[in-house]
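# Structural description and commentary
So the chains spell out like this:
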Amino acid sequence: MTLEAFRQTRSRQKRAAIFAAARAMFRRDGFARAAMEEIAREAGVSTATLYRHFPSKAALFEAVAAQSIETLALGEAGGAPLPRLEALASRYAALLCAPDTRGLLRMLIAETGAGGDLSERFYAAVKSQVGEAFAGAVIAAMEAGVVTPHDDPAHLAGQLQGMIEHGTLLRGLILGDEVETLKPPAAIAAEALRTWLARWGAEAAPAR
């Protein structure tokens with residue numbers, strides 16, 4: 001390994017350590033109470049190194065939140081329409097039960113207005129990474145004839161997402177990131193999908 005490659009590797013390692021320490025501290029203490037000196041100490045770097053990577057606490061907060069937003073991706077889901085919807089619903093429920101996801105949401109909500117355009121970026125990320133995945137699956141189900149045709153598939157997708165969010169996210173945001181849901185995430189997702197299909201399944205709902 002060349003000296004330059006070694007330096008780049010060390011820089012990436014330090015940056016990763018800074019992100020891990022900052023994420024934990026922002027979740028625990030919030031933006032206002034988190035101290036750059038303590039973040040540097042937890043990351044095992046000097047304060048000068050921390051400021052060399054991030055010139056301010058606001059810049060660090062935005063970078064941590066932006067990185068965390070990327071974890072909202074549900075991944076690709078293919079196959080037959082109903083198994084595709086089942087897979088997306090199950091992944092989404094598991095994602096919303098994860099302490100890191102709850103911590104991210106709570107962190108962004110608490111700091112709305114203090115973190116630049118993070119709230120808008122988060123909303124856009126949810127719409128593109130989650131909403132579009134569900135809408136695409138709903139459209140495929142409509143085309144296959146298992147879901148009633150509708151002129152606004154995004155609306156139908158939002159209803160399914162909302163039922164999953166109610167059963168998984170709300171409890172955690174109020175009672176704590178680590179609190180368990182009343183039912184396993186997969187069971188919440190399955191129940192939400194059954195309820196949704198009772199309304200929008202091709203044999204259950206009138207065409208609109």
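Residues numbered from 1 in each chain as written. Predicted model: local features only at pLDDT ≥ 70, side-chain atom pairs only at ≥ 80, totals over all residues. Heavy atoms only, no water.

### Some words on the environment of Leu169
Put simply, the rule reads: A run of DSSP states H or I qualifies as a helix once it reaches four residues; a run of E qualifies as a strand once it reaches two. Both are numbered from the N-terminal end. Exposed residues in this analysis have more than 50% of their type's maximum accessible area, buried residues have under 20%, and partly exposed residues fall in between, with area computed by a 1.4 Å probe over protein chains only. Pairs of residues are marked as contacts when any of their non-hydrogen atoms sit within 4.5 Å.
When you line up the elements, Leu169 lands in helix H8 (residues 153-175). Look at Leu169 and you get buried, because its relative accessible area is 13%. Along the chain, Leu169 and Thr101 lie 68 residues apart, while their C-alpha atoms are 9.1 Å from each other. When residues no more than four places from it in sequence are discounted, the contact partners of Leu169 are Leu96, Arg102 and Leu105.

### Observations regarding a nonpolar patch on the surface
Filter applied, for reference: Distance thresholds for patches are 9 Å for like charges and 5 Å for nonpolar side chains (Val, Leu, Ile, Met, Phe, Trp, Tyr), applied to residues having over 30% relative accessible area and no salt bridge. The protein chains shown are the only cover counted for residues, whose accessible areas, like all others here, come from Shrake-Rupley with a 1.4 Å probe. Salt bridges are defined as contacts in which a side-chain nitrogen from Lys or Arg sits within 4 Å of a carboxyl oxygen from Asp or Glu.
Taken together, Leu170, Ile174 and Leu175 make up a surface patch of nonpolar side chains, about 320 Å² in accessible area. Along the chain, the position of Ile174 falls in helix H8. When its relative accessible area of 62% is taken as the criterion, Ile174 is described as exposed.

### As for helix H5 (residues 81-97)
Quick reminder: α-helices carry 3.6 residues per turn. Residues three or four places apart thus point the same way. Under the convention used in this document: Multiply 1.5 Å by the residue count of a helix minus one, and that product is the helix's expected span.
Given a rise of 1.5 Å per residue, 17 residues ought to cover 24 Å, and the 25 Å separating the end C-alpha atoms of H5 matches this to within 8%. Every buried residue belonging to H5 is among Pro81, Leu85, Leu88, Ala89, Tyr92, Ala93, Leu95, Leu96 and Cys97, and all of these are buried.

### Remarks on the pattern of salt bridges
Enumeration over the complete set of coordinates arrives at 4 salt bridges. Notably, a salt bridge pairs Arg27 with Asp177, separated by 3.0 Å at the nearest N-O pair. With a gap of 150 residues between them, Arg27 in helix H1 (residues 3-33) and Asp177 in the loop between H8 and helix H9 (185-200) connect regions that are remote in the sequence. Here Arg28 makes a salt bridge to Glu38, at a shortest N to O gap of 3.3 Å. Of this pair, Arg28 sits in helix H1 while Glu38 sits in helix H2 (residues 36-43), placing them 10 residues apart in sequence.

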